[in-house]
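# Secondary and tertiary structure notes
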Amino acid sequence: MPHLSRESAGCLLEILEPRQFLSTTTVSPSIAKPLFKLPKLYPTSTTSNGAQLITGDFNGDSKLDIATLLASGVGVKLGDGKGGFGKITSTSITSGFASNFAAGKFNADASADIVVVGTAGAFILLASGAGSFSVSALDLGAGQKGITVKTADFDGDKKIDIAAGCTSDVRILLGNGNGTFGAAKIPFTGGHNHIVSLGDFNNDKQIDVVETFQGANNFQWLLNTGGGNFAKATSTTASFAGDLVTADFNGDKKLDTAFVELFGQTVTMILGDGKGGIKKRVVVPKTLGANRLVAQDVSRDGKADLILISNIKAVTLVINVLLGTGKGPFAKPITLPVKNNPQSVLFGLFNADKKIDGVAGFIGKIGILLGP
């Protein structure tokens, strides 16, 4: 994937939130030029809080689109391939709160589909053109409500599967390639409110699951043993853990995990040993809390950076950018106090210039930040 040019650490002042979203406080060194143009705002829906965004080609035109999670459905804005987006098309699901969603190609057509989980259960949204979807229920099992959801090919059959972090366990649903899924497999049960992420943690070229949850030994890996089956591996304790992301943060070609603890007061990194175990546990400086995390090489140096989005310790939302050094510890953070409270940040290629662009989610709108 193309990356952003690295002018200096100060360039990140405008990577995530450009001038009109920044407070007047000076928070980083002077910069030669911003890495994003000033944003163009697009309305979404009054029921969109901006905290959940995904990208995908939802109408099969080979142009990247953006989906936002609504209170009881999904809204899609179709991209024009030039950095512009059309009106929102909303698809209603049912009454109940939608907590998380993910994109994946669940059938044989050219469009990306969506899976949504929440208090009403789970739903598959198969793209039917122009940003609209047909909706069907997805059976997670009796009494289960989805907390988080991810998509990948877990059994190597080139059909996209689903991993759902649920109220009391993790569930794997293998795709049939036609928009339907098999019965849920349960690789782990115990605790509650499971939050999942994915990656190959033992370098066997199979996608594994990492999760946090509320309960004992509540950070753990579930290693893929083939055929959509998983085995519990190393676990450790995480205190009131939340969002988590995966990347190789120390440049040793072994996947690591960063997650929030203590209701977002701290961020912890688990450096992986490449065998599904723990090499080292590192606490990011305690002044940097977070509600949500994003792992992305925003500085185009081949080293994973960590973006922390937080309103834990401030009335206004704060974004901290930790530049990866490729050796484990991050460089001194760049703190971006912002106005208008962007709730999330996402990256993608929204035009044809092959430069990574950004999208910030706000209540009722999104801001597109094109690379210069």
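Here's what I pulled together on the structure shown here.

How each quantity is defined
Residues numbered from 1 in each chain as written. Predicted model: local features only at pLDDT ≥ 70, side-chain atom pairs only at ≥ 80, totals over all residues. Heavy atoms only, no water. Pairing = 2+ DSSP bridges. Helix = DSSP H or I, 4+ residues; strand = E, 2+ residues; numbered from the N terminus. Axes fitted to C-alpha atoms, helices over the stretch in contact; angles between N-to-C directions. Buried < 20%, exposed > 50% of the residue type's maximum accessible area, 1.4 Å probe, protein only. Salt bridge = Lys/Arg side-chain N within 4 Å of Asp/Glu carboxyl O.

## Considering the sheet that holds strand S19 (residues 256–261)
Taken in spatial order, the four strands line up as S18-S19-S20-S21 in an open sheet, and their pairing is antiparallel. Each edge of the sheet is formed by a strand with only one pairing partner; in this case those strands are strand S18 (244–247) and strand S21 (278–283). Across the sheet, the mean angle separating the axes of adjacent strands is 20° when strand polarity is ignored. Looking at chain direction, S19 and strand S20 (residues 266–272) are connected through five bridges and run antiparallel. The partner of Thr257 across the bridge, within S20, is Ile270.

## Digging into the sheet that holds strand S9 (residues 132–138)
In space, the four strands of this open sheet follow the order S6-S7-S8-S9, with antiparallel pairing throughout. Looking at which strands have only one partner, the edges of the open sheet turn out to be strand S6 (98–104) and S9. Sheet twist, expressed as the mean angle between neighbouring strand axes with direction ignored, is 25°. Summarising the sheet, S6 and strand S7 (residues 113–118) pair through six bridges and their orientation is antiparallel. If you follow Ala103 over to S7, its bridge partner there is Ile114.

## Comments concerning unusual backbone geometry
Positive phi, normally seen in glycine, also occurs at Asn193, with a value near 60°. Residue classification places Asn193 among the partly exposed residues on the basis of a relative accessible area of 30%. The phi torsion at Lys205 lies on the positive side, around 65°, for a residue other than glycine. The topology assignment puts Lys205 in the loop between strand S14 (192–199) and strand S15 (208–214).

## Quick notes on the pattern of salt bridges
This structure, assessed with the given rule, holds three salt bridges. Between Lys279 and Asp252 there is a salt bridge, with its nearest N and O atoms 3.6 Å apart. Here the residue Lys279 occupies a position in strand S21, and Asp252 occupies one in the loop between S18 and S19, the gap between them amounting to 27 residues. A salt bridge links Arg281 to Glu261; the nearest nitrogen and oxygen atoms lie 3.2 Å apart. Taken together, the positions of Arg281 in strand S21 and Glu261 in strand S19 put the pair 20 residues apart, joining distant regions of the chain.

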